[in-house]
Amino acid sequence: MPARIDFNCDIGEGCGDDAAIVPYVSSANIACGGHAGDEATMRATLRLCRQHGVAAGAHPGYDDPEHFGRRTLPLSRDEIAMLMLSQLARLASIADDEGVRLTHVKPHGALYNLAADDRIVAQAIVGAVAAFDPHLIVYGLAQSQLTDAAEQAGLRAAHEVFAERGYAANGRLLPRGQPGAVIESLDASIRQVRDLVLRGEVEVTGGGRIALRADTLCLHGDRDDAAAFARAVREALHADGIEVAAL
């Protein structure tokens, strides 16, 4: 396994201490006004990225702040593409104003999970990214329809794994609300990170292990203890001789 990993966090969502998190990550996924975020939060988060040398990316999601983008909405392929394009354009405009270049795109919440298995949704997302800026890296669940669709379209894909989310035997994240879906213990999270980054595998619910490609490691920034988790994960990676660097 490579002695290098990108460490990313979903931020700019108005529910975490972003200023305390950003110094420990290498990439930031910034809410673009769909599930969360507005011009003020986008601008503030972009400034944090510029200050700490962190790669800035877009984190577009369903336009459903009431449910934080974690409810699947019945949108057509064209509607998903337009959702992506409008949020990308909004963040990119502010980023240009702040002198920050966007490097990647990661769908949020229910849209992200749907794109992992639904080829049409994955292609709608990839098509929008390609039309907007084909140099952007597409972050998607490791070994999913989204990463495959991006690679098939000639875009760079980052296979993403998670520090504090539980996995099913098929490599998908356990649905929130299901036992084991969110790893609350820092020690358990660090063990999972080491398995993923050093060994390319993860323990799944019900027992057993599966192999997963790990290009980038995610921590959710809406946790109450996200800053402490970010610091602990970064320190654990450093202790294992793993370089943390943006893609």
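For the structure, see preceding data.
Rules used throughout
Residues numbered from 1 in each chain as written. Predicted model: local features only at pLDDT ≥ 70, side-chain atom pairs only at ≥ 80, totals over all residues. Heavy atoms only, no water. Helix = DSSP H or I, 4+ residues; strand = E, 2+ residues; numbered from the N terminus. Buried < 20%, exposed > 50% of the residue type's maximum accessible area, 1.4 Å probe, protein only. Contact = heavy atoms within 4.5 Å. 1 Å grid on protein atoms, 1.4 Å probe; cavity = no way out; pocket = protein on both sides within 12 Å on 5 of 7 lines; lining within 4 Å. Points joined across faces, edges and corners; volume = space filled by probe spheres on them. Nonpolar A, V, L, I, M, F, W, Y, C, P; charged D, E, K, R; others polar. Disulfide = S-S within 2.5 Å. Expected span 1.5 Å × (residues − 1). Phe/Tyr/Trp six-rings, centres within 6.5 Å; stacked < 30°, edge-to-face > 60°. Lys NZ or Arg CZ within 6 Å of the ring centre and 35° of its normal. Polar contact = N/O pair within 3.5 Å; in protein donor to acceptor, adjacent residues only side chain to side chain. Salt bridge = Lys/Arg side-chain N within 4 Å of Asp/Glu carboxyl O. Pairing = 2+ DSSP bridges. Core = buried A, V, L, I, M, F, W, Y, C linked by side-chain atoms within 4.5 Å.

Enquirer: Help me understand the overall build of the chain, please; the structure alone is not making it clear to me.
Expert: Along the backbone of the chain there are eight helices and 10 strands. With respect to the principal axes defined by its C-alpha atoms, the chain has extents near 40 × 40 × 35 Å. Residue burial in the chain is summarised as follows: out of 247 residues, 54% are buried. The contacts in the chain between residues at least 6 apart in sequence include a share of 69% that link residues at least 24 apart.

Enquirer: Quick question: what am I supposed to make of the layout of surface pockets here?
Expert: By rolling a water-sized probe across the atoms, one finds the places where empty space is left. Considering only enclosed or pocket space, the largest pocket measures out at about 310 Å³ in volume. Looking at the largest pocket, it is lined by 21 residues, and the ones nearest its centre are Gly109, Ala110, Asn113, Arg165 and Leu173. At six residues, the largest contribution of residues to the lining of the largest pocket is made by helix H4 (residues 109-117). Looking at side-chain class alone, the lining of the largest pocket contains nine nonpolar, five polar and seven charged residues. As a volume, the second largest pocket reaches approximately 270 Å³. Among the elements that take part in the lining of the second largest pocket, helix H7 (residues 186-199) stands out by supplying four residues, more than any other. Its residues assigned to classes, the lining of the second largest pocket shows five nonpolar, four polar and four charged.

Enquirer: Teacher, can you tell me more about the state of the cysteines here?
Expert: What is meant by a disulfide is a covalent connection between two cysteines, made through their sulfur atoms. Tallied over the entire structure, the rule returns zero disulfides. No disulfide involves cysteine 49; its sulfur sits 10 Å from the nearest other cysteine sulfur, which is in cysteine 9.

Enquirer: Looking at this model, I keep getting lost on helix H5 (residues 119-132). Mind explaining?
Expert: The periodicity of an α-helix, 3.6 residues per turn, causes residues three or four places apart in sequence to face the same way. Between its terminal C-alpha atoms H5 stretches 20 Å, which fits the 20 Å expected from 14 residues at 1.5 Å a residue. The complete set of buried residues in H5 reads Val121, Ala122, Ala124, Ile125, Val126, Ala128 and Val129. Looking at the buried positions of H5, the neighbouring elements they touch are helix H3 (77-98), strand S4 (102-105), H4, strand S5 (137-141) and helix H6 (145-152).

Enquirer: What is the right way to look at the packing of aromatic side chains in this model?
Expert: For any pair of aromatic rings, the description rests on two quantities: the centre-to-centre distance and the angle between the ring planes. Within this structure, the stated rule accounts for one aromatic pair. Pairing tyrosine 112 with phenylalanine 162 gives two aromatic rings, centres 6.0 Å apart and planes at 85 degrees, and the pair type is edge-to-face. Here tyrosine 112, found in helix H4, pairs with phenylalanine 162, found in strand S6 (residues 157-162); they are 50 residues apart in sequence, far enough to count as distant. We classify tyrosine 112 as buried; its relative accessible area is 4%. Across the ring face of tyrosine 112, the terminal group of lysine 106 is positioned such that the distance to the ring centre comes to 5.5 Å. Over the ring of phenylalanine 229 we find arginine 223, and its NZ or CZ is 4.0 Å from the ring centre.

Enquirer: Would you explain H7 in this entry?
Expert: In a regular helix each residue adds 1.5 Å, so 14 residues correspond to 20 Å; H7 covers 19 Å between its end C-alpha atoms and thus fits that length. On the buried face of H7, the contacting elements are strand S1 (4-11), S6, strand S7 (201-203), strand S8 (209-211), strand S9 (216-220) and helix H8 (226-239). Among the residues of H7, the N-terminal cap falls to serine 185, whose side-chain oxygen and the backbone nitrogen of aspartate 187 are separated by 3.3 Å. Positive phi appears at glycine 200, one or two residues downstream of H7, with a value of about 65 degrees.

Enquirer: Help me understand the pattern of salt bridges, please; the structure alone is not making it clear to me.
Expert: Two side chains that carry opposite charge are able to pair once their charged atoms sit near each other. Summed over the entire model, instances satisfying the criterion amount to 21 salt bridges. For aspartate 117, the salt bridge is made with arginine 172, and the minimal N-O distance between the two is 2.8 Å. Of the two residues, aspartate 117 sits in helix H4 while arginine 172 sits in the loop between S6 and H7, which places them 55 residues apart along the sequence. Judged by its relative accessible area of 16%, arginine 172 falls in the buried class. Of the charged contacts, one joins arginine 119 and aspartate 148 as a salt bridge, the two residues approaching to 2.6 Å between their closest N and O atoms. Taken together, the residues span a long stretch of sequence, with arginine 119 in helix H5 and aspartate 148 in helix H6 at a distance of 29 residues.

Enquirer: It is not clear to me how the pairing of S1 should be interpreted in this structure. Could you clarify?
Expert: Looking down a regular strand, the side chains alternate between one sheet face and the other. The buried count for S1 comes to seven of eight residues, which makes it a mostly enclosed element. Looking at chain direction, S1 and strand S2 (residues 27-31) are connected through four bridges and run parallel. Directly across from aspartate 10, in S2, lies its bridge partner asparagine 29.

Enquirer: I'm lost on the nonpolar core in this one. Help?
Expert: One broad rule of soluble globular proteins: the nonpolar side chains tend to lie buried together. In terms of nonpolar packing, the biggest core is built from 75 residues, with Leu46, Leu217 and Leu237 touching the most fellow members. Among the elements that line this core, the one with the most residues is H3, at eight residues. When near neighbours in sequence (up to four residues on either side) are disregarded, leucine 237 contacts Ile5, Val193, Val197, Leu217, Ile242 and Val244.

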